[in-house]
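# Fold and contact review
For reference, the chains in residue letters:
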Amino acid sequence: MYELNEKIRDLTPYDPITGSYPIRLDANESFLSLPEELRARIGEAAAHAAFNRYPDPLASELTSAFADFYGISPDLVTVGDGSDELLSLLCNAFLMKGESMMVLPPDFSMYAFYASIAEARVVTCPKGADLTIDVDAVIKKAREENVRLILFSNPCNPASTGLSRENVRRLIRSVSALVVLDEAYMDFWDQSLLQEVESYDNLIILRTCSKALGGAALRLGFAVAAPRLTRALRAVKSPYNIGSLAQAAGALLLREKEWGREAARRIVASRESLQQKLRELQEELPGRFSMAESCTNFVYLDVPQAKALYQGLLARGIAIRLMGDHLRVTAGSEQENESFLQAFRALLSEVEV
Ligand SMILES: *Cc1c(COP(=O)(O)O)cnc(C)c1O
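Residues numbered from 1 in each chain as written. Predicted model: local features only at pLDDT ≥ 70, side-chain atom pairs only at ≥ 80, totals over all residues. Heavy atoms only, no water.

### Some remarks on the pairing of strand β8 (residues 221-225)
Here is the rule we go by: Under the scheme applied here, a residue whose accessible area is under 20% of the maximum for its type counts as buried, over 50% as exposed, and between as partly exposed, the area being computed with a 1.4 Å probe on protein chains only. Each helix is a run of H or I in the DSSP string that is no shorter than four residues. Each strand is a run of E no shorter than two, and both are numbered from the N terminus. A pair of strands is considered paired only if DSSP assigns at least 2 bridges between the two.
Extensive coverage of β8 is indicated by the burial of 5 of its 5 residues. Residue alternation in β8 divides its side chains into two sets, G221, A223 and A225 and F222 and V224, and both sets are buried. Pairing geometry for strand β2 (residues 77-80) and β8, over 4 bridges, is antiparallel. The residue bridging G80 from the neighbouring strand is G221, located in β8. Alignment of strand β7 (residues 203-208) against β8, held across 5 bridges, turns out to be antiparallel. Residue pairing in the sheet places I205 in a bridge with V224 of β8.

Structural data, given as structure tokens:
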């Protein structure tokens, strides 16, 4: 009998919420759909695609649309099949077996998973009780443990908190490790390091079309780094990782600069309103939950009865994310937020303290 090796033997496939829930606030997606006119142009591009040909391996048009959107040089950009592919690639290519990678929990769960597939040693430097990163502790531990790669999200999923630009700079400058800075949610905050990425020889920034830009279905992620690192990334990625249809659709989406920026603003407004109403609920029901100050498109709640509340919401057709004794709730449309708030308030009054 064929034996699976020990690094994959006990793994189970990723298990997203199945079943149909009228309100989905569980995956940090955008609640806005693409404008009709843009959809029509994407359809037109699809109709004229060269289906018999392999796609452009450097995704040149998409790369230049992305670079133009963010005001950087296309020479610094590598496209991936979602940031997820880039995370997997980074762990596998930039770490040798047994080398150390540092994560800062709570953080995106995929980081430690990809590290384990790469047979790396995972070193953790947990965030403090207020969910902030202790930069001095990270620097100290990175040096002590000879860490080769430090990977964290900023702002953080799931904590929703952010680390200031000045602190991120200090971290990068104080370690010899490669720093992979996952800025998946930076369209909702203003502390990006994209504009200065070329000043560092140990920094790779990840961005995505999946959150603010409302393109999760396209699976497009971007790694931005100085030319030497970009050259290495382009050399290790599989040549035809992005299909022609996704390249064309992503380029059209990113060329709609004003729409993209307006979408991010509307999502931030939704999060602000959700957060404000939750603050009012905290005043009404003191001591029942605490909430981090969000820099993202979701809120992160610390609730003792998290599981019962999560299940109660599901039973009412509202899907959010349960993470231990925390709940993560994506900011949705006005009606979605309102439905969530009403159900959450009713459930909080029902469940045992
Ligand atoms: C959603 C998310 C991503 C984006 O992943 P894609 O594969 O580009 O959809 C990356 N990092 C974090 C922390 C995220 O939450």
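### Details of the site of the ligand
Where we set the bar: When we say a residue is near a molecule or strand, we mean one of its heavy atoms is within 4 Å of it. Side-chain atoms alone can form a polar contact between residues adjacent in sequence; in general such a contact is a pair of N or O atoms within 3.5 Å, and within protein one must be able to donate a hydrogen while the other accepts it. Here the term charged refers only to Asp, Glu, Lys and Arg, the term nonpolar to Ala, Val, Leu, Ile, Met, Phe, Trp, Tyr, Cys and Pro, and the term polar to all other amino acids, Gly among them.
Close to the ligand lie 14 residues; D182, T208, S210, K211 and R219 are nearest. Between the ligand and the protein, one listed contact pairs an oxygen atom with a side-chain N or O atom of Y185 at 2.7 Å. Within the side chain of K211, a nitrogen or oxygen atom sits 3.2 Å from an oxygen atom of the ligand. Looking at the shell around the ligand element by element, the count peaks at 3 residues for helix α3 (residues 82-94). Looking at the shell around the ligand residue by residue, the class counts come to 4 nonpolar, 6 polar and 4 charged.

### Some thoughts on the packing of helix α5 (residues 135-144) against helix α6 (residues 165-174)
Short version of the rule: Fitting a line to C-alpha atoms yields each axis, with helices limited to the stretch in contact; the angle taken between N-to-C directions then spans 0 to 180 degrees. Each angle gets one of four labels, with under 35 degrees taken as roughly parallel, over 145 as roughly antiparallel, 65 to 115 as roughly perpendicular, and the rest as oblique. We call a crossing left-handed when the near helix sits turned anticlockwise from the far one by less than a right angle, and right-handed when that turn is clockwise. Note on contacts: a residue pair is in contact if any heavy atoms of the two residues lie within 4.5 Å.
Two elements in contact, α5 and α6, have axes whose closest approach is 10 Å; the angle formed by their N-to-C orientations is 15°. Our classification of the angle between α5 and α6 gives roughly parallel. Relative to α6, the crossing made by α5 is right-handed. On α6, the residues touching V135, D136, V138, I139 and R143 of α5 are N167, R170, L171 and S174. Broken down by class, the residue content of the contact of α5 with α6 amounts to 4 nonpolar, 2 polar and 3 charged.

### Notes on the sheet that holds strand β12 (residues 321-323)
Spatially, 4 strands are ordered β9-β10-β13-β12 in an open sheet, and the strand pairing comes out antiparallel. On the outer flanks of this sheet lie β9 (290-291) and β12, each paired with one strand and no other. For β9 and strand β10 (residues 298-302), the ladder comprises 2 bridges, and the chain directions are antiparallel. Paired with S290 across the strands is D302, a residue of β10.

### Things to note about the domain arrangement of the protein
Counted only if it meets this: Where each domain begins and ends is defined by an automated method or by a domain database. Summed over both partners, the accessible area (1.4 Å probe) lost when two parts come together is defined as the buried area. The term salt bridge refers to a side-chain nitrogen of Lys or Arg lying within 4 Å of a carboxyl oxygen of Asp or Glu.
Partitioning the protein into domains gives domain 1 (23-32 + 259-350) and domain 2 (36-255). Spacing between the C-alpha centres of domain 1 and domain 2 amounts to 26 Å. Taking both sides of the interface into account, the surface hidden between domain 1 and domain 2 amounts to around 1600 Å²; carbon and sulfur atoms contribute 65%. The interface formed by domain 1 and domain 2 contains 0 salt bridges. Between domain 1 and domain 2 we count 4 residue pairs in polar contact (both at pLDDT 80 or more) in total. Of all the secondary structure elements, the ones that give two or more residues to the side of domain 1 that touches domain 2 are α9 (257-284) and β10. Counting residues per element, the side of domain 1 that touches domain 2 draws most heavily on α9, at 8 residues. Taken together, the residues of the side of domain 1 that touches domain 2 sort by class into 11 nonpolar, 6 polar and 5 charged.

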